[in-house]
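# Analysis of the macromolecular model
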Amino acid sequence: MNIQKEKISEGNISVTERISGSEAVIRCLLAEGVKTLYGYPGGAIMPVYDELYKYQDQIHHVLTRHEQGATHAAQGYARISGKVGVAIATSGPGATNFVTGIADAQIDSTPMVCITGQVGSHLLGSDAFQETDIVGISTPVTKWNHQITKASEIPEVFAKAFYIAKSGRPGPVLIDITKDAQFEEFDFNYQKCKGVRSYKPFPAIDSEKVQEAATLINKAKKPMIIWGQGVILGKAESELKAVIEKTGIPSAWTILGASAIPTSHPLNVGMLGMHGNYAPNKLTNECDVLIAIGMRFDDRVTGNLETYAKQAKVIHFEIDAAEIDKNVKTDVAVLGNAKESLSQLLPLLNPTEHTAWHQEFKDLYAIEYEKVIKHDLHPTKEGLTMGEVLKEINIQSNGDAAIVSDVGQHQMIACRYAEFNQTKSNITSGGLGTMGFGLPAAIGAKMAAPERQVVSISGDGGYQMTIQELGTIFQQKIAVKVVVLNNDFLGMVRQWQQLFFDKRYASTEMINPDFVAIAKAYYLKARKVTKREELKEAVAEMMASEEAYFLEVCVEKEGNVFPMIPTGASVSDIRLE
């Protein structure tokens, strides 16, 4: 019996056809252009999986080893492609295992649609087997969610979900579907959503505000730009580059904004934040005009708000009105998509150079180089540093790799030292700081961009939170490169314990397994490096591999990440040691 369905093209489906709710789910996904989804089957979502089986030549389902892994893979897919990532799971624990990934996507503005099965509508509220109120649970961490109890709701809800997830400031949406709605038949047709009443994702740009911003920038003696992921999400990279080059303004980035402008650009002055570069952090409190573009003044960037940029006029280009004046009081706020806002701003700006101001950044960089960078990248002591591993990856990849990092010391080192030549190259968990993010996110990133080198950078702690996704890599034959920087500690927590808790290393030392043996058990190529003279060859072998590759690098046990702004301190109080 031939169970393959007639191919369905992306777009509206205007012909009415009587089908089941579960088939309607698949039809909706195809109409939205979904080719890949990540998930884990179970009883309450089984009707959808049964229909998915019939459409397997049109939509590729990736069986992850844990539902959290499915959400992170969908995030990685979305972050590198700019498309909506899709994850699917059953009810109860399947749905609750989604919550961490959903929360991560919410705070990092990642477009994602999550689909969960639910018990039959007649059982709702009865504490039935594997029933949880996932709509109630996920409400604080979704951009929108909805429970479907009638099959006829499916087309409209799915169309609305994809529109909301990807429009304006992106975010995750959850759709919960009762099992009876999946079985029920109805007359199906599909129309893409073009707008939702009372939801205005793209604010009209106020030209007067743009002019006010330009006037302040043109008068500035010490202006500074700080940009975030809003530049990447708004596809405003070329506009930002044009603004920077015309004005000669030193420009720094948040970790989610990294790669919007090449690392090597002369006006790129480095990373902001707790472990960012010395100059941009220090000079935030000396600039006279601070221009924030597509960023939200997160506490890791601002430090103590009472002392943050009090001397500066603040201009904020932002698409989400809720972020304006939330943390930092602005003098001029320009609401709107960054691409459109910067396009309007550019012709109003005067060409400038700010040579003397740039020299202040260079002088502070020289101090940071001598105190920190030189020792990270060109160490003279015996133990391998995380920085020299990133340096070797840069050399072997020519700065063209997408780096997907987990959370911890290695994350800060990766963000500080990875070289990026193209946008959408730094994928990490920013706002939520989710350990375990890196490995499954790298799976999604590599599947979305198979032509790119994708390198996962993890510590020994976070890696073990989602280590089972090696099974997904093996089964799907995903040629991702997996690097574990192993210091036998929960490194970031240990660093804080050393600096602020008198070296009381409470529950941070790790007794680790044989990581290479585990990788080989999943039939992956694997290697372990313990000496500096082995590193170059090992990284070259990994990067040259056409298959997945696991590389463990044993780094110094008690290495610290500097610079560092202590919690609650001013950005001016950044420490170099």
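This text follows the structure it describes.
Residues numbered from 1 in each chain as written. Predicted model: local features only at pLDDT ≥ 70, side-chain atom pairs only at ≥ 80, totals over all residues. Heavy atoms only, no water.

### Some remarks on the overall build of the chain
Scanning the chain from N- to C-terminus turns up 23 helices and 20 strands. Along the longest, intermediate and shortest principal axes, the C-alpha atoms of the chain span 75 × 60 × 40 Å. Of all 577 residues assigned to the chain, the portion counted as buried reaches 59%. If you take every contact in the chain between residues at least 6 apart in sequence, the share linking residues at least 24 apart comes to 76%. Positive and negative side-chain charges in the chain, numbering 57 and 68 respectively, have mean positions lying 3 Å apart. (Helix = DSSP H or I, 4+ residues; strand = E, 2+ residues; numbered from the N terminus. Buried < 20%, exposed > 50% of the residue type's maximum accessible area, 1.4 Å probe, protein only. Contact = heavy atoms within 4.5 Å. Lys, Arg positive; Asp, Glu negative; His and termini not counted. Charge placed at Lys NZ, Arg CZ, Asp CG, Glu CD.)

### What to know about the pattern of salt bridges
For the structure on display, the rule yields 23 salt bridges. Notably, a salt bridge pairs Arg-532 with Glu-388, separated by 2.8 Å at the nearest N-O pair. Linking Arg-532 in helix 23 (residues 532–544) with Glu-388 in helix 16 (residues 386–397), this pair joins segments that are 144 residues apart in sequence. In this structure Glu-388 comes out as buried when scored by relative accessible area, which is 6%. Ionic contacts of the salt-bridge type, sharing partners, join the residues Arg-169, Asp-320, Glu-323 and Lys-326 into one network. (Salt bridge = Lys/Arg side-chain N within 4 Å of Asp/Glu carboxyl O.)

### Some thoughts on the layout of surface pockets
When its volume is computed, the second largest pocket comes out at roughly 630 Å³. In terms of lining residues, the second largest pocket is bounded by 25 residues, among which Thr-263, Asn-268, Val-269, Gly-270 and Tyr-365 are the most central. Only strand 11 (268–271), helix 12 (278–284), helix 15 (355–377), helix 16 and helix 17 (409–417) provide two or more residues apiece to the lining of the second largest pocket. Tallying contributions element by element places helix 15 first for the lining of the second largest pocket, with seven residues. Residues that form the lining of the second largest pocket fall into these classes: 12 nonpolar, eight polar and five charged. (1 Å grid on protein atoms, 1.4 Å probe; cavity = no way out; pocket = protein on both sides within 12 Å on 5 of 7 lines; lining within 4 Å. Points joined across faces, edges and corners; volume = space filled by probe spheres on them. Nonpolar A, V, L, I, M, F, W, Y, C, P; charged D, E, K, R; others polar.)

### Things to note about the environment of Lys-446
Along the chain, Lys-446 falls in helix 18 (residues 438–448). Every residue in contact with Lys-446, bar those within four places of it in the chain, is listed here: Arg-452, Val-454, Ile-478, Ala-479 and Val-480.

### With respect to empty space enclosed by the protein
Applying the stated rule across the entire model yields two cavities of 30 Å³ or more. Estimated volume of the largest cavity: approximately 40 Å³. Taken together, Ile-217, Asn-218, Thr-247, Ile-249, Asn-350, Thr-352 and His-354 form the lining of the largest cavity. Size it by volume and the second largest cavity reaches roughly 30 Å³. As for the second largest cavity, its lining consists of Trp-227, Trp-253, Ala-258, Ser-259, Ile-261, Thr-263, Asn-268 and Phe-420. Tallied by class, the residues present in the lining of the second largest cavity amount to five nonpolar, three polar and no charged.

### Considerations on the sheet that holds strand 2 (residues 36–39)
Here we have six strands laid out as an open sheet, ordered 3-2-4-5-7-6, and parallel in their pairing. With one partner strand each, in any of the chains shown, strand 3 (60–63) and strand 6 (144–148) form the two edges of the open sheet. Taken pair by pair, the neighbouring strands of this sheet meet at an average axis angle of 20°, ignoring direction. On top of the sheet, helix 18 reaches strand 2 and strand 3; it is set at about 165° to strand 2, its chief contact. (Pairing = 2+ DSSP bridges. Axes fitted to C-alpha atoms, helices over the stretch in contact; angles between N-to-C directions.)

Interpretation note: all reported values are geometric properties and have no functional meaning in isolation.
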